[in-house]
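Structural features, examined
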Amino acid sequence: MSASLTLAALFLGAPLRAPEAALPETVAPLSVYRLKLSVDVPVIVGGGVATVLARFFLKDQLTRMSCPCDPAGLNFIDRGSVSNNNHTANIVSDVTVALSIAAPPIFDLLDVGLDRAFGVDFGVFAETIALNSTFEQVVNFATARPRPRTYAGDPAYLTFSDGYLSFYSGHVAYSFAALSVAAATVRLRYGEQVWPWVVTGLVGSSVAVERVMAGSHFPTDAAAGALAGAALGIAVPWLHARAPEQRLSVLPSDGGRGLALAGAF
């Protein structure tokens, strides 16, 4: 307050008040999900255990080896992939998938902080990944489809159990699942957003192309993985989403006669 204004205030007998400091308003991050620990924790743990058992301990017992195989029996979409063998694409796909899984929780933590909302978000994310892994194992071992390089007679694939787990692509499914659940979380917290889905489509599609170029999967394997991952990445958040907040208030009706209920949903 300037000196002239202070003298005027004293002359008029107005009370002096110190200027109020603008304090930042602390608002807790919006929690957009509900978890039921008695259900969600067993799903997460069970999915992880099933994946480890199937992929690392029981793979040789569960896999059905069926090659040498004739590429002429493949559909016209997949037939051209048999000769693919790009080692660089294989490495890039591994790195891209790792980043697709690691990035969403990191950015969510930076967004909402180490808060209960982050914990619930991470629970939904982990459950999505666990279910994606479980479904992938079931389909992989049930179909026992040879990989393109297995069809090509690559010795490293022909007599190795992993050479018969082509359908569907786990790399593509993981990428689409992780990024889709992240996009769904952004939508629930901040409203409709286009860019997270664009990122999901671009990154997931790049992984699909890389896996086909590497000779690890056929185009139909990659397409099925994209559909499976995206479906889980959308369905799991949807099943855990909180219902929209409902607020009712009593207001005078038009004309001032009587009362009316007004709601925001």
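Fair warning: this is a prediction, and the values are worked out from it, not measured in the lab.

Take helix α5 (residues 116-143) next. Since the α-helix packs 3.6 residues into each turn, any two residues three or four apart lie on the same face. Helix length check: α5 (28 residues) gives 41 Å between terminal C-alpha atoms against 40 Å at 1.5 Å per residue, within 8%. Its side-chain oxygen 3.1 Å from the backbone nitrogen of A117, D115 forms the N-cap of α5. Positive phi appears at A144, one or two residues downstream of α5, with a value of about 50 degrees.

Taken as a whole, this structure holds 1 disulfide when the rule is applied. Between the sulfur atoms of C67 and its disulfide mate C69 the distance is 1.8 Å. With the S-S bond torsion at -100 degrees, the cross-link from C67 to C69 turns out left-handed.

Along the chain, the position of A50 falls in helix α2 (residues 37-57). For A50, a relative accessible area of 33% translates into the label partly exposed. Along the backbone, A50 and V138 are 88 residues apart, and their C-alpha atoms lie at a distance of 9.7 Å.

The next point concerns a nonpolar patch on the surface. Together, L35, L37, V41, V45, V49, V52, L53, F56, F57, L58 and L62 line one region of the surface with nonpolar side chains, adding up to about 1000 Å² of accessible area. Considering each element in turn, the nonpolar patch owes the most residues, 8 residues, to α2. Here L37 shows up in helix α2. The class for L37 is exposed, based on a relative accessible area of 58%.

A separate point is the packing of aromatic side chains. What the rule picks out here adds up to 4 aromatic pairs. For the ring pair Y151 and F218, a centre distance of 5.7 Å and an interplane angle of 75 degrees mean the geometry is edge-to-face. One end of the pair, Y151, is in helix α6 (residues 148-151); the other, F218, is in the loop between α9 (195-213) and α10 (219-240), and 67 residues separate them in sequence. Like F218, Y151 is buried. Here the aromatic cluster, defined as three or more aromatic residues joined through ring pairs, consists of F118, F122 and F125.

Counting residues in hydrophobic clusters, the biggest one holds 21 residues, and the most contacted among them are Y33, V124, F125, I129, V172, F176 and A222. Elements represented by at least two residues in this core include exactly α5, α8 (170-190), α9 and α10. Sequence-distant contacts of I129, defined by excluding residues within four places in its chain, comprise Y174 and A178.

This next bit is on the packing of α8 against α9. Interhelical geometry of α8 versus α9 gives an angle of 175 degrees and a closest axis separation of 9 Å. When the axes of α8 and α9 are compared, the pair comes out roughly antiparallel. Across the interface between the two elements, H171, V172, S175, F176, L179, S180, A183, A184 and V186 from α8 touch P196, W197, V199, T200, G201, V203, G204, S205, V207, A208 and R211 from α9. Residue classes in the contact of α8 with α9 are distributed as 12 nonpolar, 7 polar and 1 charged.

Before going further, it helps to spend a moment on unusual backbone geometry. Following C67, the chain continues to P68 via a peptide bond in cis, the omega torsion being 20 degrees. Here F167 and Y168 are connected by a cis peptide whose omega angle stands at -5 degrees. By the element assignment, Y168 lies in the loop between α7 (155-158) and α8. Phi angles above zero are rare outside glycine, and A144 is one such case at about 50 degrees. Mapped onto the fold, A144 is located in the loop between α5 and α6.

About the cut-offs
- Per chain, residue numbering runs from 1 following the sequence as it is written.
- pLDDT decides what is reported in this predicted model: residues at 70 or higher carry local features, side-chain atom pairs at 80 or more are listed and counted, and totals for whole chains, interfaces and linings draw on all residues regardless.
- To get the side-chain values, all heavy atoms of the structure are used, and hydrogens and water are removed first.
- Strands here are runs of E lasting at least two residues and helices are runs of H or I lasting at least four, both read from the DSSP assignment and numbered beginning at the N terminus.
- Helix span, as expected, comes to 1.5 Å for every residue beyond the first.
- Polar contacts, as counted here, are pairs of nitrogen or oxygen atoms within 3.5 Å of one another; within protein the pair requires one atom able to donate a hydrogen and one able to accept it, and residues that are adjacent in sequence qualify only if both atoms are side-chain atoms.
- Note on terminology: pairs of cysteine sulfur atoms within 2.5 Å are recorded as disulfides.
- Between buried and exposed lies partly exposed: a residue is buried under 20% and exposed over 50% of the maximum accessible area for its type, with that area taken using a 1.4 Å probe on protein chains only.
- Only residues whose relative accessible area exceeds 30% and that form no salt bridge are eligible for patches; like-charged ones are grouped when within 9 Å, while nonpolar side chains (Val, Leu, Ile, Met, Phe, Trp, Tyr) are grouped when within 5 Å.
- The accessible surface values rely on the Shrake-Rupley method and a 1.4 Å probe; as for residues, cover is taken only from the protein chains in view.
- Here a salt bridge means any side-chain nitrogen of Lys or Arg lying within 4 Å of a carboxyl oxygen belonging to Asp or Glu.
- For Phe, Tyr and Trp, where Trp contributes only its six-membered ring, two rings pair if their centres lie within 6.5 Å, and the inter-plane angle classes them as stacked under 30 degrees, edge-to-face over 60, or tilted in between.
- By nonpolar core we mean a set of buried residues, namely Ala, Val, Leu, Ile, Met, Phe, Trp, Tyr and Cys, connected to one another through side-chain atoms within 4.5 Å.
- Here a residue-residue contact requires only that any non-hydrogen atoms of the pair lie within 4.5 Å.
- Helix axes are fitted only over the stretch in contact, all axes being lines through C-alpha atoms; the angle between N-to-C directions runs from 0 to 180 degrees.
- An angle below 35 degrees is read as roughly parallel, one above 145 as roughly antiparallel, one from 65 to 115 as roughly perpendicular, and any other as oblique.
- Any residue outside Ala, Val, Leu, Ile, Met, Phe, Trp, Tyr, Cys, Pro, Asp, Glu, Lys and Arg is labelled polar, Gly included; the first ten of those are nonpolar and the last four are charged.

These figures come from the coordinates and say nothing about function on their own.
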